[in-house]
Structure formats: structure tokens, C-alpha cells
Amino acid sequence: MTDTQIFPQLEIPQTIAAGPGPGNTDPRVLQRFAAAGVADHMQPDVLRGMVEAKQMLREVMGTKNVHTYGVAGTGWSGLDVMFNAVMPGDKVVVFNNGTFSGIDGLTVRMKAATAEELAASPLDPKPASVTIIDVPHGTSVSGEMVERALAEHKPKWAAMAHWETGSGRINDIRGFSDACEKHGAMGLVDAVSSLGVEDFKIDDFPGVHGWASCPQKGICCLPLTYAPVSFTDTYIAELKKTGCRSFVHHPILEARHWGIIEGKDVEKGTYHRTHSAYAVAAFHEALRITLQQSVAQRAKDYAFHEAALREAVTAMGCKVTSNMTSLVVLNLPDSLAGREMELVQNCRAEGFGIWPTLSEPVQVRIGILNLLTPAAISDIVTRFGEAMRKLGAEVDMAAVSDGLDKHYKASMAAE
Ligand SMILES: *Cc1c(COP(=O)(O)O)cnc(C)c1O
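The notes below deal with the structure included here. (Residues numbered from 1 in each chain as written. Predicted model: local features only at pLDDT ≥ 70, side-chain atom pairs only at ≥ 80, totals over all residues. Heavy atoms only, no water.)

**Quick notes on the site of the ligand**
Inspection of the region around the ligand gives Thr74, Gly75, Trp76, Leu79, Phe100, Trp163, Thr165, Asp190, Val192, Ser193, Gln216 and Lys217 as its neighbouring residues. In the model, an oxygen atom of the ligand is placed 2.3 Å from a nitrogen or oxygen of the Thr165 side chain. Within the side chain of Asp190, a nitrogen or oxygen atom sits 2.7 Å from a nitrogen atom of the ligand. In the complex, 90% of the free accessible area of the ligand, which totals 390 Å², lies under the protein chains. Examining the composition of the shell around the ligand, we find that 3 residues originate from one element, helix 3 (residues 75-83), more than from any other. Considered class by class, the residues forming the shell around the ligand number 5 nonpolar, 5 polar and 2 charged. (Near = heavy atom within 4 Å. Polar contact = N/O pair within 3.5 Å; in protein donor to acceptor, adjacent residues only side chain to side chain. Areas by Shrake-Rupley, 256 points an atom, 1.4 Å probe, with all protein chains shown as cover. Helix = DSSP H or I, 4+ residues; strand = E, 2+ residues; numbered from the N terminus. Nonpolar A, V, L, I, M, F, W, Y, C, P; charged D, E, K, R; others polar.)

Below, the structure written as C-alpha cells:
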């Protein structure tokens, strides 16, 4: 007999999730998660909660698409469902300007590859039918880039990240949608970082036929819940013709448990898989919070607090290269260049969870997901300034917090 080790109970400390994601899950969400009774996935209140969540999600996403629901899992789960309509041999153009759109491109290449192309390079296939347009890190994808590529390649599908979290860049979703419409491509968008942070309605972008987001960023609902997705009738009609090679991540079948059957809302969902009452309760509460605060108000709050953080780190000598409102991506002052990882690790060791970039070049990312108060931003600024000083940078913290005070006081006076 071998000894079986039973480890002590797992304790996880309270930290500040000040990275690009996950955001700080709202205490109300965790409370609903823990307070849900033991119930199975067909219990009437669980099913009602899923139908209500579906309806609230349509409001949050700004859509009348019937096929709008949550995919169990993380952002990549929702993206996998969305990209499942891409079949081997399909012509696709993907715009890559950072870590995440890079992985979206890989997902597309895996799905569009023929059996031979996949076997030739199973983990990194290079199908002839997929064109990846590489846009340099730190640069946004512009409408002209999309227009040019779609005019040249005339693909069936075009894919882009709305907000590329790797480099903190906002891509031109209007230009993307317009070019898709003009060239008859069906747009697929990774909206993982923008949903719940930016004020937009997906129905305002008719060139985009598939949208996928995540639970843990703007929706503030990590306790592994649901990745929001939405598909137009055109997308669903195309999928009905081609089929797709997945049961669990089938865009039509996965919708059934949410009460979406044969293209229509029905009163009660039918079994697709064993959904968790706890996850449903948490997701339901996260959507209630988003609607109570309103997407528009949240978007304003993000822009306001990001400006404060940007100003403060700039005053410390950093150079911000991002334009998203949920995080800043920055270069350290020249005196600390090359020590980004050391700085990030020092911060993380103290429960201050900031991040480096995950692909070249190395930069520092500080996020403010659900940290939308002057106190939270001041805390981040203070901790970051301290960390820079510990590495020997000269930071005038008094001047920095003065600037922060001014930002907040001026806005309060204006109100
Ligand atoms: C975070 C992120 C993902 C991946 O989401 P997970 O929840 O980690 O699966 C994909 N795309 C973008 C743009 C992201 O920011």
C-alpha cells in the first residue's frame, strides 16, 4: 500500500486583482454563488434563472439576436463555440495585434485546416485558406487595414479582437463591420475584454455575425460561470447548412438549455449538459449588477479612473502605450528598462496582482476591472510607486498623489 497524502485545506489569500483580467469578482456575485441551495440542473428556479439571464444578457450586449446565451467555462470556451462554424477549407482572414488575437488566429487555423494540413503540423497548422494579417504590438487594427485585406482575399469569415488585451489596444470595430458588409464576409469578434467595459450595442455592427466574450473581465463573474455569446440568424442559417464537429460546443445545441429551441425562445430549457445552480445564480447576479449600474455608466467610470491611473504612472516617468479603459500597458522609465519581470514579481509577492505582457515586447500591465473608486486607484498607484522606488527609481510620490487628488477633486467639483 502506498501512503495517500491528504493535503491541508486550501487557503487562498485576498489579493488585489489589478491585471488585465480576471477582474475583482463582485462580493454580491460570490454571495449568490455560495447561497444557492443544492439543486440540479433541471430544477425550475435554475431553469428560470437561465432564461432570465439570457434576457438580461441581450440587454447587456444590445441585441435582439435569439441565439444569445452563456457558454459554460471561460472566454476561450465561448470563442470555441463561435469559431466552430469555421469548417475545414473555409477562407478566413484574421487580424492579429497581440497575444489573444494571436490565439484566436491559431483556433481558426486549427478549425479551417484540412485533415492533411492539420496532420502536417498538429499544434500549429498553416492552412492555405487562412490569412493572418499581423499588425505590430501596440498598434490598433484600423478600418483601412480590414478594408484592404477583405478586398484582396474575399473570405467567407473575418475575425478580429474588439479590444486586444495583450497590448491594450482598441481595434476599429466600425471599420471592421463596414468592410465585412461591403465584401460579403461574416465577421466574428472576440469581445472578451470590451463587454461590460465599453458602451456599445452589438446590433449596431451588422457586418459582425458572431460575438464571444467571457465571465471574468467586464462582467466580474469569475466563479467559473458563463462566457456570453451571440449569433445572428445569418450565422445560424449558415451553420445549419454546414453543421459543425462538436456536440457540447455546438452554437445551436448549446443554446437549448437556455430555452432557445429551433430559433425561438421557449419557456423552459431542455437538457444539454449539467449546468451548475451555483454558477447560474452567480451569473444572474453579475448581470443584475451590470444592468443596475448600467453599461453606459460603467463605461464612463472606466474612462474616468483609467485617466487618473494613466496620469499618475506618467508622472512617475512611465510611458503608456495602450488606449483601452480597463487597463494601462506601459514601458518603465529608461532607468528600469529590462527589469519589468522583477518589478511585476515583487508586486505579485505582496498580493498586488499586476501582469507583464504575455508576448513580446515585455511591458507592464495594470488593470482596474471592478476597481472603480478613488480609494482603489490610489491604492494601486501607491503600491506601484513603492515597487518602482524599491528598484531604485526616483519617484516623487507626494507630487503623484497630489495629481491624483486634483483629478478626483476637479471631477467632484464639476458634478
Ligand atoms: C482574456 C482574453 C481571452 C481569454 O479568456 P479566458 O477567460 O482566459 O479563457 C481571449 N481573448 C481576449 C481578448 C482576452 O482578453
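**Here we look at the layout of surface pockets**
In this structure, the largest pocket encloses a volume near 550 Å³. Taken together, 22 residues line the largest pocket, and the ones lying closest to its centre are Gln14, Gly23, Asn24, Thr25 and Asp26. When contributions to the lining of the largest pocket are tallied by element, the ones reaching two or more residues are helix 1 (27-35) and helix 10 (295-315). With 3 residues, helix 10 is the single largest residue contributor to the lining of the largest pocket. For the lining of the largest pocket, the per-class residue count stands at 10 nonpolar, 9 polar and 3 charged. When residues of the lining of the largest pocket are assigned to domains, at least three map to each of domain 1 (27-291) and domain 2 (295-414). Computed from the structure, the second largest pocket encloses a volume of approximately 320 Å³. Lining the second largest pocket are 14 residues, with Asp45, Val46, Gly49, Ala277 and Ala281 positioned closest to its centre. For the lining of the second largest pocket, the element with the highest residue contribution is helix 2 (residues 44-61), accounting for 5 residues. Among the residues forming the lining of the second largest pocket, the class breakdown is 6 nonpolar, 4 polar and 4 charged. (1 Å grid on protein atoms, 1.4 Å probe; cavity = no way out; pocket = protein on both sides within 12 Å on 5 of 7 lines; lining within 4 Å. Points joined across faces, edges and corners; volume = space filled by probe spheres on them. Domains from an automatic or database assignment.)

As far as function goes, none of this settles anything; it's purely spatial.
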